[in-house]
Amino acid sequence: MLYQKMIENFPDEEDAYLQLYSLFAEEGKLEDAEKTVRSLIERNPGSFLAYYYLGRFQAIQDRYDEALKNYRKVLEIHPSFDSAIVGSAWVLEQQGKSKEASEMYERALKLNPSNPIVRERLGLIYIKDKNYSKALDQYEALKSFDSDNLVLRTKLGLLYMESSQFDRAIDELSFVVKRKPDDYKVLIFLGNEIGRAHV
């Protein structure tokens, strides 16, 4: 294999290890993938990418405590590596630690305020915690990046309904209906909101 030869000839070539890891992971050779990235860590303990890939690998396998440990190691080496921050937040979210997860997502947003995945995840945490005001902040920010996204606008309308902001809910759901008049679910929500707004 090309990357194995590269590692033999250039044992300090980090990229060769990471490429080989990716190749093994794609082929489903998980033990070989993990062994490869661990070899890189042995060879170069300062490789934040090696710890990141190991953490990501472990997170995918639901080995959350191990993943979190490796993401934390990444952040010791490279504190502003946002992929490790987001990975940590996702793992914490899977563990049911919504407060810690939201803190990590917020940290990631400070580095990259336009990250839609982070805003979506953070919004979902706030919805679960019934913190509709903060969830609305995230979805409004998402709307500023993609105002024609009908799924997003529907979610926003439903959030406004949930927080008893009926006029705003009507605005959002009306936007969706104008572009997709055959969506009966949105029409039902909109009809209900118009009724509630005029009671």
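Bear in mind the structure is a predicted one, so any value in this text is a computation, not a measurement.

K.L.:
I keep staring at the side chain of K143 and nothing clicks. Help me out?
P.N.:
Within the element layout of this structure, K143 appears in helix α9 (residues 132–145). Among the polar contacts made by the side chain of K143, one reaches the side chain of E172 at a distance of 2.7 Å. Contacts of K143, omitting those with residues within four sequence positions, involve L152, R153, L156 and E172.

K.L.:
What am I meant to see in the packing of helix α7 (residues 98–111) against helix α8 (residues 116–128) here?
P.N.:
What describes two packed helices is the angle between their axes and the distance between those same axes. Between α7 and α8, the shortest axis-to-axis distance is 10 Å and the interhelical angle comes to 150°. With respect to each other, α7 and α8 are oriented roughly antiparallel. Classified by chirality, the crossing of α8 by α7 is left-handed. Residues S98, A101, S102, Y105, E106, A108 and L109 of α7 lie in contact with α8, whose contacting residues are V118, R119, R121, L122, I125 and Y126.

K.L.:
Please clarify how the environment of W90 should be interpreted in this entry.
P.N.:
Position of W90 relative to the elements: it lies in helix α6 (residues 82–94). Exposure remark for W90: the relative accessible area of 32% places this residue in the partly exposed category. As for W90 and L68, which are separated by 22 residues in sequence, their C-alpha atoms are 9.7 Å apart.

K.L.:
Would you take a moment to explain unusual backbone geometry for this structure?
P.N.:
Across residues other than glycine, the phi torsion is negative in most instances, and most of the peptide bonds are trans. Backbone geometry places D62, a non-glycine residue, at a positive phi of 65°. By the element assignment, D62 lies in the loop between α4 (48–60) and α5 (64–77). Even without glycine at this site, K130 takes up a positive phi of about 60°. Judged by its relative accessible area of 60%, K130 falls in the exposed class.

K.L.:
Any chance you could explain the environment of G157 here in plain terms?
P.N.:
Mapped onto the elements of the fold, G157 is located in helix α10 (residues 150–162). Under the relative-accessibility criterion, G157 is labelled buried at 0%.

K.L.:
Would you mind showing me how to read helix α3 (residues 30–43) here?
P.N.:
Residue pairs spaced three or four apart in an α-helix point in one direction, given the helix's 3.6 residues per turn. Between its terminal C-alpha atoms α3 stretches 20 Å, which fits the 20 Å expected from 14 residues at 1.5 Å a residue. Along α3, the positions that sit buried rather than exposed are A33, E34, T36, V37, L40 and I41. Each buried residue of α3 sits inside an arc of 160° when the element is viewed along its axis, so together they form one side. For α3, the exposed residues set more than 90 degrees away from the buried face come down to E31, K35 and E42.

K.L.:
I tried to follow the side chain of R153 on my own but got confused; where do I start?
P.N.:
Within the secondary structure layout, R153 lies in helix α10. By relative accessible area, R153 is classed as buried at 9%. A polar contact is formed between the side chain of R153 and the backbone oxygen of S147, at a distance of 2.7 Å. The residues contacting R153, other than those within four sequence positions of it, are K143, S147, E172, F175 and V176.

Parameters at a glance
- Residues numbered from 1 in each chain as written.
- Predicted model: local features only at pLDDT ≥ 70, side-chain atom pairs only at ≥ 80, totals over all residues.
- Heavy atoms only, no water.
- Helix = DSSP H or I, 4+ residues; strand = E, 2+ residues; numbered from the N terminus.
- Polar contact = N/O pair within 3.5 Å; in protein donor to acceptor, adjacent residues only side chain to side chain.
- Contact = heavy atoms within 4.5 Å.
- Axes fitted to C-alpha atoms, helices over the stretch in contact; angles between N-to-C directions.
- Parallel < 35°, antiparallel > 145°, perpendicular 65-115°, else oblique.
- Left-handed = near helix turned anticlockwise from the far one by under 90°.
- Buried < 20%, exposed > 50% of the residue type's maximum accessible area, 1.4 Å probe, protein only.
- Expected span 1.5 Å × (residues − 1).
- Arc of directions from axis to C-beta.

Function cannot be read off these values alone, since they describe shape.
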